Amino acid sequence: MTSVTWAGVLGDNLLPLPKSIVPLSNTYATSPTNDVGAVLRSSPAIAIIVGDSCCSSRFAHAARLHGRRFGLECFAKYTTSATAEEPMMGEGNTSDVHQCGCDGAVRVTADLLRDSSSETSDSPLGLDYSKALIHDQGYVMMIKTGKDVSLISRTDSGLFYGLLTLLQIIHVCRLYPHLFIPPICVMDFPSLATRGLLLDISRDKVPKLETLQQLVELLASFKMNQLQLYTEHTFAYAGHNIVWESSGAMTPEEIDILDKTCWENYIELVPNQQSLAHMHRWVTKPGYTDLRESLSACASHTQIFDFAGNAGYSLCPINERVLTLLSDLYSQLIPHFQHTSQINVNLDEPFDLGVGKSREFLRSVNKSNAQMYMEYLNKIHRLLQQTRPMRIQLWADFLLSHPSEIPLVPKDSLALIWGYEEGFPFSEKCKQLGSGIPFYVCPSTCTWNSFCGRTRNSICNISEAILAGVEHGASGMLLTDWGDNGHMQPLSSSYLGYATGAAFSWNSESASHPETLDLRKLLNSLVFRDLNCVMGDIVYNLGNCYNLIQPTFPGCTVLFRAIVFNSVFPTICKRLKIPEVEASLREIEAQESRIGSLSMAAPDTLIIVQEYTWIIHILKFSCHFATALIKESVNDVRKLSTSSKQFLLPILIDCVREFEAVWLLRNKPEGLCDSVARLQHTVQLLS
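The sections below set out a description of the structure shown in this document. (Residues numbered from 1 in each chain as written. Predicted model: local features only at pLDDT ≥ 70, side-chain atom pairs only at ≥ 80, totals over all residues. Heavy atoms only, no water.)

Some points on the pattern of salt bridges
Tallied over the entire structure, the rule returns 23 salt bridges. With a shortest N-O distance of 2.6 Å, Asp200 and Arg203 are connected by a salt bridge. Residues Lys668 and Glu254 are paired through a salt bridge, measuring 2.8 Å at the closest nitrogen-oxygen approach. In this pair, Lys668 sits in the loop between helix 25 (642-666) and helix 26 (672-686) while Glu254 sits in helix 9 (residues 252-264), placing the two residues 414 residues apart along the sequence. You'll find Lys668 and Glu254 in the same group, each marked buried. When salt bridges that share partners are traced, they join Asp200, Arg203, Glu232 and Asp484 into one network. (Salt bridge = Lys/Arg side-chain N within 4 Å of Asp/Glu carboxyl O. Helix = DSSP H or I, 4+ residues; strand = E, 2+ residues; numbered from the N terminus. Buried < 20%, exposed > 50% of the residue type's maximum accessible area, 1.4 Å probe, protein only.)

Here it is in structure tokens:
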């Protein structure tokens, strides 16, 4: 194969794509002696010789863990026994890879670098390593013979990321048994230093601990390095059992374990506790009602199932007992996050701020909502410095709506600029925030309020966020995976968004041309491990079905809205066309016919198949349901004809049972009742 071919194959199959992969020689022959790919694909193990600089045993542990994800044993030994914190390989000569028990092992020499300039002058072809080695997470890897690999970085996290690239290259060599690869040099570093995921665990669905641990390993394999669990009421706070006891809340012991798992995978687990709005699960409970700002500020949000009719939404920012509560929550939560110095207090969407108990107060002191908000933020900041000095993260929507208040934000805060639709003006918002406050850009997987996501919207939304963030100096990206309205989308439906966010935030050049990123191939190769290259196509194509039915809606899909928001759906039906719904149904059935062709080896293969089988079933039901509503032109679901109800009802009942079974595969059972109530509502209307 030509050099273009090997470079193209690696470019299509590595996630994220390294910044630079170049041959170690300007000229080379495609002979067996120069084919490092042949050597790599036949190697059963990797023997890592770790230099005597301060490389931690965490690196060796992570190497073993992620090597096994690719069917490889990774062994490590330190050249100075004093630096090893646990036994690695056998004792003896460090160059003797036979000690690891695998004669054919690839030998990787890994070392930390203190001065990148010393490495630049002697590099082959005059390659400039400086960009890669100046960055704490950057690395340079030379694959010289297939049996001889050198890896250098300033940090052991950089060594870990280099090893992940090597593991993926070996995986590609096995997928393409005739691929010729010459000796190469990989020079790489991330475009954004922080590449995080926020997973919603407050909209009914709280994953099991083992689910979260598996997710951490997947994210780490993508070189992502931060995780947050969005929390309103789902941490088991002592003394507040009435709030969380039926939610499946994360226990302190579970967070301790998860924090250790994250640290072992080079991921920072950041505590997250909503601290102003979205607190209806608190302020509606006995003993907490006096903390609310207003009685029913969100009752007007009739389409938001979580809020409609709730007797409260936000905490009252002038109530001193609110700060007492937050002090208690922070003091219980933060100690279980041992490897971070920041916390997300959220503070977004305070819709009822200044319209309830604080209204008269503001009039009496002649202050605005914005001034009250900033005073509240600064009180929280001071409170946290007393608990444990922590950098505050907060959503930027209120700040951007009140730009005159931005200078009053505590200087060590970090703003989160969020927007979840294609075309969101990230660049404008970054400029508006200014240079005084560090910030992340926060796009979305776009799976919430859907059953299987919105593929195109997610890819465009993420790429636009990353490009704006890099241009305007963002500190990182926090990809959001929300669960509004019952968190019905299965976890695997978000894998495409996770892969996209990881790819673009590490290498922003790929975000400049998102159409060149073959997500289907990457998902098949690195996530689903589907030898028949089918599952990635199914995920990608089902996620684009929303575009077949016009008009599309922001923040949701028509086929989700048909079921969950069915009280308003008959009105929406007047704008829909039956041929488009039928086209969507044909596409769904086409993907269903491919399920039998799967040949996956992912750790969660059986769960993925069950999740997408349910997704297909509920999407098909929604198409039939929408078609009946359109054809019969009724203004009430209950007015559908008897024949339509008799056809639809048993299908939906089966979908509900299937949903319950799929939910329990990855998640705690407590929130299931609240989530499934949305589907049961439609069952009742059809009964």
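That covers the picture; the talk isn't over yet.
Comments concerning unusual backbone geometry
Pro16 follows Leu15 through a cis peptide bond whose omega is -5°. Mapped onto the secondary structure, Pro16 falls in the loop between helix 1 (3-13) and strand 1 (20-23). Put simply, Gln550 and Pro551 share a cis peptide bond, and its omega is 0°. When you line up the elements, Pro551 lands in the loop between helix 20 (535-542) and helix 21 (558-564). Positive phi, close to 80°, is recorded for Asp204, a residue that is not glycine. Assessed through its relative accessible area of 6%, Asp204 is described here as buried. Backbone geometry places Ser633, a non-glycine residue, at a positive phi of 50°. Its location among the elements puts Ser633 in the loop between helix 24 (605-632) and helix 25.

Structural notes on the side chain of Ser202
Of note, Ser202 is situated in the loop between strand 8 (194-200) and helix 7 (209-221). At 3.0 Å, the side chain of Ser202 forms a polar contact with the backbone oxygen of Tyr230. Leave out the neighbours within four places in its chain, and Ser202 touches Tyr230, Thr231, Glu232, His233, Thr234 and Arg281. (Polar contact = N/O pair within 3.5 Å; in protein donor to acceptor, adjacent residues only side chain to side chain. Contact = heavy atoms within 4.5 Å.)

Considerations on helix 19 (residues 519-527)
Among the 9 residues that make up helix 19, 7 are buried, leaving the element largely enclosed by the rest of the structure. Among the residues of helix 19, those classed as buried are Leu519, Leu522, Leu523, Asn524, Ser525, Leu526 and Val527. Following helix 19 by one or two positions, Arg529 adopts a phi angle in the positive range, close to 50°.

From the geometry alone we can't say anything about function, so treat these as descriptive.
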